[in-house]
Every structure is written in structure tokens, then in C-alpha cells.
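Survey of secondary and tertiary structure
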Amino acid sequence: MSDLQLFLPCAAGVEDLLADEVHRLTGLAGDDLLVGRAGVLARAPWREALRLNLHSRLAQRVLVQLSHTPYRAEQDLYDAAAAIAWEIWFTPRQSFKIEVTAQHSPLKSLNFAALKIKDAVADRFRQRAGGRPDVDTQRPDVRVYAHLTSTHCTLYIDTSGEPLFKRGWREDKGEAPLKETLAAAMLAASGWDGTAPLYDPCCGSGTIAIEAAQVACGIAPGGRRRFGFERLLPHQAHVWAGLKEEARAGERPSRAPVFGSDVAFRMVDFAQRNAERAGVAAAVQFRGGDALQRMPPSDVPGLMLVNPPYGERIGTAGVAGQTQRGRERPETEGAGDFFTQLAAHWKKHYAGWTAWVLTPDLKLPSRMRLKESRRVPMWNGPIECRLFRFDMVAGSARARDAAPGA
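Every residue gets a number counted from 1 within its own chain, in the order that chain's sequence is written. Given that the model is predicted, a residue must reach a pLDDT of at least 70 before its local features are reported, and side-chain atom pairs must reach 80 or more before they are shown or counted; all residues, however, enter totals for whole chains, interfaces and linings. Where side-chain values are given, they derive from all heavy atoms of the structure, hydrogens and water being excluded.

Before going further, it helps to examine the overall build of the chain. Summing up its helical and strand segments, the chain has 11 helices and 17 strands in all. Buried residues are those whose accessible area, probed at 1.4 Å on protein chains only, stays under 20% of the maximum for their type, while exposed residues exceed 50% and partly exposed ones sit between those limits. Taking all 406 residues of the chain together, 52% fall into the buried category. The criterion used for residue contact is that any of the two residues' heavy atoms lie within 4.5 Å. Across the chain, the fraction of contacts at a sequence separation of at least 24, relative to all contacts at a separation of at least 6, is 77%. Just so you have it, the chain exposes about 18,500 Å², and 49% of that area is on carbon and sulfur atoms. What counts as a helix is a DSSP run of H or I of at least four residues, what counts as a strand is a run of E of at least two, and both are numbered from the N terminus. What sets the accessible areas is the Shrake-Rupley method with a 1.4 Å probe; for residues, cover comes only from the shown protein chains.

Written out as C-alpha cells, the structure is:
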């Protein structure tokens, strides 16, 4: 299994960060590592596919490309799938599932397209092995992905199983939890390297702080979960055991303190339990408290990384968060008071800190009366967001500009 063509999908806006991560993990570069649309393409051996599953914080999956062929009709999809040697990947005693995505495909039904690919896989097994694998749409042993453009069909076999944002430690969560891969993208975009204090004042169930603590401790994100490749025929248990042992040998005590706080003490309890499962209970400190009242958790200025409450979550903000008939307000505009007060609190008490704020509100800097020094496009699922950087100084910019000698 040498020289495989891998595709690592990721959230839109994260492609370059993911390419940097893949280069750091594998050393791949040049034509062996290319940035694509919503993902990265890498040419690497099987062992590196396992390493990427274990260590990547930004990829959603690690897929092995099996074919890339032109098509015009459903029969072309059948022919493409029937030409693949599925028998080298799994057995007729296992179950499988076909998932199809498309962009400008001329086909009228993606369900029918998936059915034709499924038939091709089953027929090939029946011809080669005298039996066929079952289809399981809920918990398949093997996942096959087909992506259709206007002219081509690309077929992949999945090595990850559950998506990679499922690290295996988050059992306690609140509403609208941030995906671990997005928290990792925020960390990567901020440039935080685990040597300065990090604080999330709206931590919820602890995703950002726990992800940061694992980075600071050198803990592989996939070290506490199972993967789809463990059910594929190329899997060699001793190779996988060696990679995990190598990862454990790279773990270290945290080089910088990591903090999180939340106005809801229930969420703080969730975060603490999640941190224990993630192996970083000793590396991160969680406290209860309103984001508008919490003082800096460290005497040394550091970095704040925040996915503040908005939309359905604004009622969890703190004393300025407003509720309506027992439900959170659905509009970001209803949170103006909270963000204005948060900015004032930061300017008064967090001089020297850098704050990175993820929000779908492109007008957030003006609401906070702050001038961003950077803005990074980022997607939270289907929601287009910006990650704003604010460099905190005492007082307002307007007051500084008006001061004598300014």
C-alpha cells in the first residue's frame, strides 16, 4: 500500500492551515501535497494515512481515492465502481455504505446514483467471491464515498470511520457545541504555540480549552478513539500499535496554563469531566463566572480565544444575555449590550492580551467599538464566520487619540 492518493476534506477556509499541518506531520511537499477545494490532496503510503488519522486536528476524514473517471449517466458510475478491486479492501462478510455528494451533477437523483454504485460493489463481490457484503446505513464496517462534478466521478474508501472531530472524549455537551476541528482551526489561525497562557471566557463544555491543552501537552487528538481502517484488510495491528506508542512517547507536561470559564456552572462541570476523559485535567483550569466580570486568570498576558454566544446561544452569555419567554433570542443584534460591555471589560482589565473572536456577525468590531488587526474567513458548518483579532490596550482608541501628545 505505497503511493496512495489521499484526500483530506476540511471546513472551507481551513485548506491552507490543513496543508501546513499535513506537511508538519508527514514532511510531504511539492506535487505530493496540494491544496484543493475544501480539502488537501496528498500522495503518501498507507502508514501515513494512519498517522494523519491519529494526529490531524483539522481534517474531517482521511479518504483514499480509488478512481477518477468521466461520466454522463448512472451506468458510467456502475462501470467505474465495478472496475475497482474492492476485495483487497474488505470481505463479503462485512457491511458497507455508499455516500454520494455532488456539485453541478447532471444526474437527477443522487439516491439512484448511490444505488448503482452499491449494485456494482455487490456484483463484483458476487462474481469474485461467490457472496456479497450487506448494506448497513447506520453502522457500516466500510464507508465508500462518491463525489460527482459536472463531468467526473471520484470514488473513495474511508479510513476514518466516525468523522475526525469526534475525538472520543466529549460525552458531556451543551447546545450548539463547537466542533473540535473548528476549535483546532481557531488555534492554528491564531498562531498559538502552547507557550503563552490561553483563556476562553465563554468555554461551554470546554472544547477550545481542551483542544488547546492537548496541543500544549503534545497529546494526539485521535489517541482515544477507534478508526475505520482497523476494519480494512490492509490494516496491520503492529504498525498501528507502533504509531500510537510513538505518539504517547511525544506527550509532555503543559508548557503554558490553559483556562476556561462559563456563566453556567453546569457547563463547567461538563468541561471538567470532558477534560478528564481527554487526559488534560491537570493542564486546564475551569471556573464558573460571568464573562463580563471575570478578571484575567494569569498575571502574564496571553491569548483569549472565544466562540461567544450568538443566535440560539446568546441567552447563555451572562448578565447582559437576554432571554425571551424562556428561550434565547435568535438574533445577534439582541446581544449588542453584551458585546459592548465585554469589550469595555477587556479594555479595562485585559491590557496586553490578544483576543480572537469567532462570529458570523461581520459588524462585530463596530458593535464592540474595537478595531480588528486581522480577520480570517472561517465556516462553522453552513454558517460563514470571521475570526477577528483584537489587540487589547487600556482605554478606548478614541480616548488615546484625543490624549495630549497622542
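A cavity, in this analysis, means grid points on a 1 Å lattice covering only the protein atoms where a 1.4 Å probe fits yet has no way out; a pocket is instead an open set bounded by protein on both sides within 12 Å along at least five of seven lines, and a residue lines either one if it has an atom within 4 Å of a point. Grid points are joined across faces, edges and corners, and a volume is the space filled by probe spheres set on the points. By the definition in use, this model includes three cavities of 30 Å³ or more. Approximately 40 Å³ is the volume found for the second largest cavity. Lining the second largest cavity, in full, are Pro140, Asp141, Val142, Arg143, Asp158, Gly161, Gly228 and Arg231. Broken down by class, the residue content of the lining of the second largest cavity amounts to two nonpolar, two polar and four charged. For this scheme, ten residues count as nonpolar: Ala, Val, Leu, Ile, Met, Phe, Trp, Tyr, Cys and Pro. Four count as charged, namely Asp, Glu, Lys and Arg, and the remainder, Gly too, count as polar.

On to unusual backbone geometry. Despite not being glycine, His104 shows a phi value in the positive range, around 60 degrees. Its location among the elements puts His104 in the loop between strand E5 (95-102) and helix H4 (110-129). At Arg369, a residue that is not glycine, the phi angle is positive and equals roughly 60 degrees. With respect to the helices, strands and loops of the structure, Arg369 is situated in the loop between helix H10 (364-368) and strand E16 (374-380).

With that settled, consider the pattern of salt bridges. Throughout this description, the term salt bridge denotes a Lys or Arg side-chain nitrogen within 4 Å of a carboxyl oxygen of Asp or Glu. In the structure shown here, the tally under the stated rule is 22 salt bridges. Note that Asp361 is salt-bridged to Arg367, the shortest N-O span being 2.5 Å. Owing to a relative accessible area of 8%, Asp361 belongs among the buried residues under this scheme. By sharing partners, the salt bridges in this structure join Asp3, Asp32 and Arg43 into a single network.

Once that is clear, we can look at the sheet that holds strand E7 (residues 142-148). Note on pairing: DSSP must find at least two bridges between two strands before they are called paired. With mixed pairing, eight strands are arranged side by side in an open sheet as E2-E3-E1-E4-E8-E7-E5-E6. The open sheet has two free edges, formed respectively by strand E2 (33-36) and strand E6 (134-135), since each of these has just one partner strand. Two strands pair when backbone bridges link them, and E2 and strand E3 (residues 39-44) are joined in this way by four bridges, in the antiparallel orientation. Bridging across to E3, Leu33 finds its partner in Ala42. The convention used is that axes are lines fitted to C-alpha atoms, helices contributing only their stretch in contact, and that angles between N-to-C directions extend from 0 to 180 degrees. Its contacts with the sheet put helix H2 (residues 46-55) on strand E1 (4-9) and E3, and the angle it makes with E1 is roughly 15 degrees. Sheet contacts for helix H3 (residues 74-82): strand E4 (63-70), E7 and strand E8 (152-158); angle to E8, the most-contacted strand, approximately 40 degrees.

This part is about the side chain of Arg57. Along the chain, Arg57 falls in the loop between H2 and E4. Of the residues examined, Arg57 reaches a relative accessible area of 9% and is grouped as buried. A distance of 2.6 Å separates the side chain of Arg57 from the side chain of Glu211, its partner in a polar contact. With residues near it in sequence (within four places) discarded, Arg57 still touches Glu21, Arg167, Glu180, Thr181, Ala184, Glu211, Gln214, Val215, Ile219, Ala220 and Pro221. Any pair of nitrogen or oxygen atoms within 3.5 Å is treated as a polar contact; in protein, a donor-acceptor pairing is required on top of that, and neighbouring residues in sequence qualify only through side-chain atoms on both sides.

Another aspect to go through is the packing of aromatic side chains. Aromatic ring pairs are described here by two measures, namely the spacing of the ring centres and the angle between the planes. In summary, the pairing rule links any two rings of Phe, Tyr or Trp, Trp by its six-membered ring, whose centres are within 6.5 Å, and it sorts them by plane angle into stacked for under 30 degrees, edge-to-face for over 60 and tilted for everything else. If you walk through the whole model with that rule in mind, you get 11 aromatic pairs. Each ring, one from Trp46 and one from Trp89, has its centre 6.1 Å from the other, and the planes form 55 degrees; the classification is tilted. Within this pair, whereas Trp46 is found in helix H2, its partner Trp89 is found in the loop between H3 and E5, the two being separated by 43 residues in sequence. There is no split in this pair, since Trp46 and Trp89 are both buried. When the centroid spacing of 5.0 Å and the interplanar angle of 50 degrees are considered together, the rings of Phe90 and Phe125 count as tilted. Of the two residues, Phe90 sits in the loop between H3 and E5 while Phe125 sits in helix H4, which places them 35 residues apart along the sequence. An aromatic cluster is built from Phe90, Phe96 and Phe125, whose rings are joined through pairwise contacts.

To continue, consider the pairing of E16. By the bridge criterion, seven bridges tie E16 to strand E17 (residues 383-391) in an arrangement that is antiparallel. The residue bridging Trp379 from the neighbouring strand is Glu384, located in E17. Here E16 hands over to E17 after two residues, with Gly381 in that stretch at a positive phi of 65 degrees.

Moving on: the layout of surface pockets. A probe matching the size of a water molecule, rolled over the atoms, marks out where space remains unfilled. There is about 950 Å³ of room inside the largest pocket. What lines the largest pocket is a set of 34 residues, among which Phe7, Pro9, Cys10, Ala38 and Gln60 lie closest to the centre. Elements represented by at least two residues in the lining of the largest pocket include exactly E1, E4, E5, E7, E8, helix H5 (180-190) and E16. A per-class count over the lining of the largest pocket returns 19 nonpolar, 11 polar and four charged. In this model, the second largest pocket occupies a volume close to 650 Å³. Those elements that place two or more of their residues in the lining of the second largest pocket are helix H1 (15-26), H2, H5, helix H6 (207-217) and helix H7 (237-249). Among the elements that make up the lining of the second largest pocket, the one with the highest residue count is H1 (five residues).

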